[in-house]
Amino acid sequence: MNHIIKTWPNSQSQWAPLVLRSIVGYGFVAHGYAKLARGPHIFAATLQALGVPAPHLLAWATILVELLGGLAVIVGAFVAIASIPMSVVLIVAMSSVHLPYGFSSIKLLAVTASGPQFGPPGYEVDLLYLACLAALAVGGSGPLSIDRTFRKVSARKGATA
């Protein structure tokens, strides 16, 4: 019994990156797809209103980073590299949109007959995404990842050389 207690956390903890990859990757893909589905010109207008230079170019760049970066994270491919532009998108969103509203992502303003009314979200979720990306970049992509497969293949080639 003591052996099971000692080994269980270590054998199960290897799966934590897979959970992070799934949630973070899906979140990025969902946000990128929403921007694409509404029309990149709508997102570009938002960026223009915020005073972002080259709003149409950066709208497309953001959409591509969210879609391709999210997919890379989901499959665990080049996660450390993909995390860099993804982090830039988060930092820009946090500093240009969410920072003035404080930390909390949920601000209940009132409960009306039509349901709860919420205020604008703070930067809490941006920080959570950044922390998850940092954990994946530093700790590795975990099981069922392309990154791990590449490492195994490289290790075999190194062992046979």
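Source: prediction; values computed, not measured.

> What's the story with the environment of Tyr-129 in this structure? I'm lost.
Within the secondary structure, Tyr-129 sits in helix α6 (residues 124-139). Measuring from C-alpha to C-alpha, the distance between Tyr-129 and Ser-87 comes to 8.3 Å, with 42 residues separating the pair along the chain. Tyr-129 has contacts with Val-24, Gly-27, Phe-28 and Leu-90, leaving out every residue within four places of it along the chain.

> Whenever I open this one, the pairing of strand β2 (residues 115-118) confuses me. Can you help?
A regular strand places its side chains so that they alternate between the two faces of the sheet. As paired elements, strand β1 (residues 108-112) and β2 share 4 bridges and run antiparallel to each other. Across the sheet, the residue bridging to Leu-108 is Phe-118, located in β2. The antiparallel pairing of β1 with β2 creates a hairpin that spans 2 residues between the two strands.

> I would appreciate a short explanation of the packing of aromatic side chains in the present structure.
Centre distance and the angle of the planes are the two values used to describe a pair of aromatic rings. The full count for this structure, using the stated rule, is 3 aromatic pairs. Between Phe-78 and Phe-150 the ring centres are 5.8 Å apart and the planes differ by 45°, which places this aromatic pair in the tilted class. You can see Phe-78 sitting in the loop between α4 (55-75) and α5 (79-98) and its partner Phe-150 sitting in helix α7 (residues 146-160), a full 72 residues away along the chain. For Phe-150, a relative accessible area of 42% translates into the label partly exposed. Between Phe-103 and Tyr-123, the aromatic rings sit 5.6 Å apart at their centres with planes inclined by 80°, giving edge-to-face as the arrangement. Within this pair, whereas Phe-103 is found in the loop between α5 and β1, its partner Tyr-123 is found in the loop between β2 and α6, the two being separated by 20 residues in sequence. Residue class for Phe-103 comes out partly exposed when judged on its relative accessible area of 45%.

Reading guide: rules and limits
Residues numbered from 1 in each chain as written. Predicted model: local features only at pLDDT ≥ 70, side-chain atom pairs only at ≥ 80, totals over all residues. Heavy atoms only, no water. Helix = DSSP H or I, 4+ residues; strand = E, 2+ residues; numbered from the N terminus. Contact = heavy atoms within 4.5 Å. Pairing = 2+ DSSP bridges. Phe/Tyr/Trp six-rings, centres within 6.5 Å; stacked < 30°, edge-to-face > 60°. Buried < 20%, exposed > 50% of the residue type's maximum accessible area, 1.4 Å probe, protein only.

Honestly, it's all geometry; don't read function into it.
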